[in-house]
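Secondary and tertiary structure notes
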Amino acid sequence: MAFRQKWEGFENRMKAKREINCKRKQQATPKKVDHLTVQRLSSDVSGKAQKFSRIGPREFVSYPHGDITIDNIKKACETHFLSQLKMNVECDVLAGEQGPSCTSLDQIPNLKLIHIRFVGTAKRDSSAFSSEFPADSEFSRPKTKRTRGQPELASCSYQSPRARSLEVRPQVRKNLNAGCPKSLSVTQMINLGKVVRQETTIADVYKFNLENMAWSSVAERVELVIEKKPFAEGGFREVYKAKSPTACYSERLWVVKKYLPKTLESINQLGQTIEDHTKKAVQMQSLAKNIAHSMYAK
């Protein structure tokens, strides 16, 4: 019970306090004044804080309009700053140095100091239109009426032959570094002062056509630069990285597989040649690749 009585007493005190504050606010808000204290601000924000910068000191603006309203404040400020303004501008009342624009008297925090700015009427009209009708909306571009069954006409532009002849084409810059690596390490630069002992390997490449189920009868001679150390090793072969200066093979990195000595003995014991064993491995790899492509297409 004691707690409830304390709570009711607290509620009544807060209610009385709110009523007193409302009365003070009504008394502090003047209905009729002779002048206003105005701070003029720039038309656009600036700086990291996005504030309207101040223009000159605060000024007293005569107010002969009676009751305080937004429209009357604008009229008084336009009359006071008439000699400093350009044509086609209007007054905009702000809530502070960071805005926003006030449309009613209740939005002004304190009537003791009023912040205003002057903006062009065309600018305000364009901003209002862009906010009401965005560029991506259907109202931003006119539509032509189209009867039922009539195909929609595509918009096109015509360029005269004279305009095409005067068109400036961008100059194609020749790549002077074509065929050279982008950068060389210090070790590679030092090694260029010595005779390079590494030589290329000539390989005869035969291709298997899965559609015709046949091997090419004419070999294609390819020049390869094979690394000395293998990067992987399996139960049958060692794998080396290789590059090719040949035209059709120079765009990618290739893999060269070399049979181990024990693998060669096992192949000979089975009565097969190394060429036949390699062809079977390539054929099975082509089959697996074809199955993967078929599953990916589905």
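On a predicted model such as this, the values are computed, not experimentally measured, just so you know.

**Here's the deal with the packing of aromatic side chains**
- Tallied over the full model, the rule gives three aromatic pairs.
- Ring geometry for Phe208 and Trp215: centres 5.2 Å apart, planes at 50 degrees, overall tilted.
- The ring of Phe231 carries Lys241 above its face, with NZ or CZ at 5.5 Å from the centroid.
- In this structure, Lys279 packs its charged tip against the face of Trp215, placed 5.4 Å from the ring centre.

**Overview of helix H2 (residues 70-80)**
- Regarding H2, the residues found buried are Ile70, Asn72, Ile73, Ala76 and Cys77. Taken around the axis of H2, the buried residues stretch over an arc of 165 degrees, which confines them to a single face.
- Residues of H2 that are buried in the fold lie against strand S1 (35-46), strand S3 (59-62), strand S4 (89-94) and strand S5 (114-120).

**A closer look at unusual backbone geometry**
- Residue Pro100 is reached from Gly99 by a cis peptide bond, and omega for that bond is -5 degrees.
- Within the secondary structure, Pro100 is located in the loop between S4 and S5.
- Backbone geometry places Gln50, a non-glycine residue, at a positive phi of 55 degrees.
- With respect to the helices and strands, the residue Gln50 is situated in the loop between S1 and strand S2 (51-54).
- Accessibility expressed as a relative area gives 44% for Gln50, which makes it partly exposed.
- Of note, Met213 is a non-glycine position whose phi angle comes to about 55 degrees, a positive value.
- Among the structural elements, Met213 can be located in the loop between strand S7 (208-209) and strand S8 (214-215).
- Assessed through its relative accessible area of 58%, Met213 is described here as exposed.

**Some points on the nonpolar core**
- Grouped together as the largest cluster of nonpolar side chains are 19 residues, with contacts concentrated most on Ile73, Cys77, Phe81, Val93 and Ile116.
- For this core, the secondary-structure elements that each account for two or more residues are S1, H2, S4 and S5.
- Per-element tally for this core: the top contributor is H2, with four residues.
- Excluding anything up to four places from it in sequence, Cys77 contacts Val38, Val61, Cys91, Ile116 and Phe118.

**Focus on the state of the cysteines**
- One pass over the full model with this rule turns up zero disulfides.
- With no disulfide of its own, Cys77 lies closest to Cys91 among cysteine sulfurs, the gap being 4.5 Å.
- Take Cys91: its relative accessible area is 3%, and that puts it in the buried class.

**So, the pairing of strand S11 (residues 237-243)**
- In this sheet, S11 lies alongside strand S9 (residues 220-226) in antiparallel orientation, the contact comprising two bridges. Paired with Val225 across the bridge in S11 is Lys243.
- Both strand S10 (residues 232-233) and S11 contribute to a ladder of two bridges, which runs antiparallel. When the sheet's bridge partners are listed, Ala232 is paired in S11 with Val239.
- Counting the residues between successive antiparallel strands, the hairpin from S10 to S11 contains three residues.
- Note: S11 against strand S12 (residues 254-259), six bridges, orientation antiparallel. From the neighbouring strand, Tyr240 faces S12, where its bridge partner is Val256.

The rules behind these values
- Residues numbered from 1 in each chain as written.
- Predicted model: local features only at pLDDT ≥ 70, side-chain atom pairs only at ≥ 80, totals over all residues.
- Heavy atoms only, no water.
- Phe/Tyr/Trp six-rings, centres within 6.5 Å; stacked < 30°, edge-to-face > 60°.
- Lys NZ or Arg CZ within 6 Å of the ring centre and 35° of its normal.
- Buried < 20%, exposed > 50% of the residue type's maximum accessible area, 1.4 Å probe, protein only.
- Helix = DSSP H or I, 4+ residues; strand = E, 2+ residues; numbered from the N terminus.
- Arc of directions from axis to C-beta.
- Contact = heavy atoms within 4.5 Å.
- Core = buried A, V, L, I, M, F, W, Y, C linked by side-chain atoms within 4.5 Å.
- Disulfide = S-S within 2.5 Å.
- Pairing = 2+ DSSP bridges.

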